[in-house]
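Coordinate analysis (summary)
Below, each chain spelled out in residue letters.
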Amino acid sequence: MSATIKPFTDEFEEYGRDESRASGEASSISFPTTEDEVRAILETLHAERVPVTVQGARTGLAAGAVPHGGHILNTSRMNRYLGLRRDEQGQFLLRVEPGVVLSELRKQLSKKVLPTAGWDQASLEAYEEFQESPEQFFPTDPTEASACLGGMAACNASGARSYAYGPMRPHITGLHVALADGDLLELQRGEAFAQGRHLSLVTAEGRTLELDLPGYTMPETKNASGYFVADDMDAIDLFIGACGTLGVITELEIALRRRLRSFGV
Ligand SMILES: Cc1cc2nc3c(=O)[nH]c(=O)nc-3n(C[C@H](O)[C@H](O)[C@H](O)COP(=O)(O)OP(=O)(O)OC[C@H]3O[C@@H](n4cnc5c(N)ncnc54)[C@H](O)[C@@H]3O)c2cc1C
């Protein structure tokens, strides 16, 4: 067993359950801190055909983070802020690792102080503009603010504010997804689309994945069942709400919004 893959001993007992109160068993666990570590872990486990359960903060109520044997890959220690930019409309887009906790993000945004260690020059320039701009906030509120952004993206979290802002999906502009074999997809909203129900995606290692999407029609009411699919859909939307079944979210880019005090948010 590698240093990052540890046996699932009693000290990790709490990671066998989430807020659903369901509990399960695993044979090993890891707490990667970088995307490269996630990829290496997945590559090792894939070679051994070990099933993987992905975890964020384990606040989910549907037992998606509860293992059924195999390995637990817990992303809660991947909590760096990676950079900032503005889109053509001037909206701030923040790049974070999946383990960033919602309550922490809210604090940082309200203080207008983000951890900028390791940021490139372009991000630092956007950060100066961010500090001079009206206060920004992130709209999605799944009630439980100890949730991680990766977990929120993975289950397309919603909550009371969804009546005004929709669920998590429209606020995600970029995703990195580490696939089961350790290869990586780098997805940017607006860049890769399905042709009808067929999706062709090129991985970081240069492989082309040809995916036939399910043919069902999504209901127009709120629906959290099954993969999100639509004709000619943006590829990124397939991975939002997939609950960790298609890969591990290792990076997200989220769109911030100007705070509107009169909305009470
Ligand atoms: C009191 C309470 C109230 C709640 N109210 C709401 C509500 O109103 N609306 C709502 O939507 N939710 C609600 N929730 C549920 C919960 O807060 C959300 O589901 C939360 O967004 C999950 O985030 P997490 O980090 O805890 O993820 P986890 O619970 O750890 O995981 C959730 C799912 O995402 C997957 N996952 C986690 N991280 C990753 C990753 N990096 N890559 C790929 N897959 C991953 C897991 O495998 C699992 O399937 C509530 C929870 C509580 C405790």
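Just above, that's the structure.
Residues numbered from 1 in each chain as written. Predicted model: local features only at pLDDT ≥ 70, side-chain atom pairs only at ≥ 80, totals over all residues. Heavy atoms only, no water.

Re the site of the ligand
With respect to spatial proximity, 31 residues lie near the ligand, and among them V54, G56, T59, G60 and I249 are the closest. Within the side chain of T143, a nitrogen or oxygen atom sits 3.2 Å from an oxygen atom of the ligand. A distance of 3.5 Å separates a nitrogen atom of the ligand from a polar backbone atom of G244. Protein chains shield 85% of the accessible area of the ligand, which is 970 Å² for the free molecule. When residues of the shell around the ligand are traced back to their parent elements, those giving at least two are β3 (52–55), α4 (149–154) and β12 (248–255). Counting residues per element, the shell around the ligand draws most heavily on α4, at four residues. (Near = heavy atom within 4 Å. Polar contact = N/O pair within 3.5 Å; in protein donor to acceptor, adjacent residues only side chain to side chain. Areas by Shrake-Rupley, 256 points an atom, 1.4 Å probe, with all protein chains shown as cover. Helix = DSSP H or I, 4+ residues; strand = E, 2+ residues; numbered from the N terminus.)

A word on the nonpolar core
Counting 45 residues, the largest nonpolar core has L94, L105, F138, L149, L175 and L252 as the members making the most contacts within it. The element that contributes the greatest number of residues to this core is α4, accounting for four residues. Among residues more than four places away in sequence, those in contact with L105 are Y81, L94, V100, F138, L149 and I254. (Core = buried A, V, L, I, M, F, W, Y, C linked by side-chain atoms within 4.5 Å. Buried < 20%, exposed > 50% of the residue type's maximum accessible area, 1.4 Å probe, protein only. Contact = heavy atoms within 4.5 Å.)

Some points on unusual backbone geometry
A positive phi angle is found at R21, which is not glycine, with a value near 75°. Inspection of the secondary structure assignment puts R21 in the loop between β1 (6–7) and β2 (28–30).

Quick look at the sheet that holds strand β5 (residues 81–86)
Read from one edge of the open sheet, five strands run β5-β6-β12-β8-β9, paired in antiparallel fashion. The sheet is open, and its two edges are formed by β5 and β9 (184–188), each paired on a single side. Along the sheet, successive strands turn relative to each other by an average axial angle of 15°, direction set aside. Sheet topology note: the strand β8 (residues 172–178)/β12 ladder contains six bridges and is antiparallel. When the sheet's bridge partners are listed, V177 is paired in β12 with I249. Running at roughly 70° to β5, helix α3 (residues 121–132) makes contact with β5 and β6 (92–96) of the sheet. (Pairing = 2+ DSSP bridges. Axes fitted to C-alpha atoms, helices over the stretch in contact; angles between N-to-C directions.)

These values are about where atoms sit, not about what they do.
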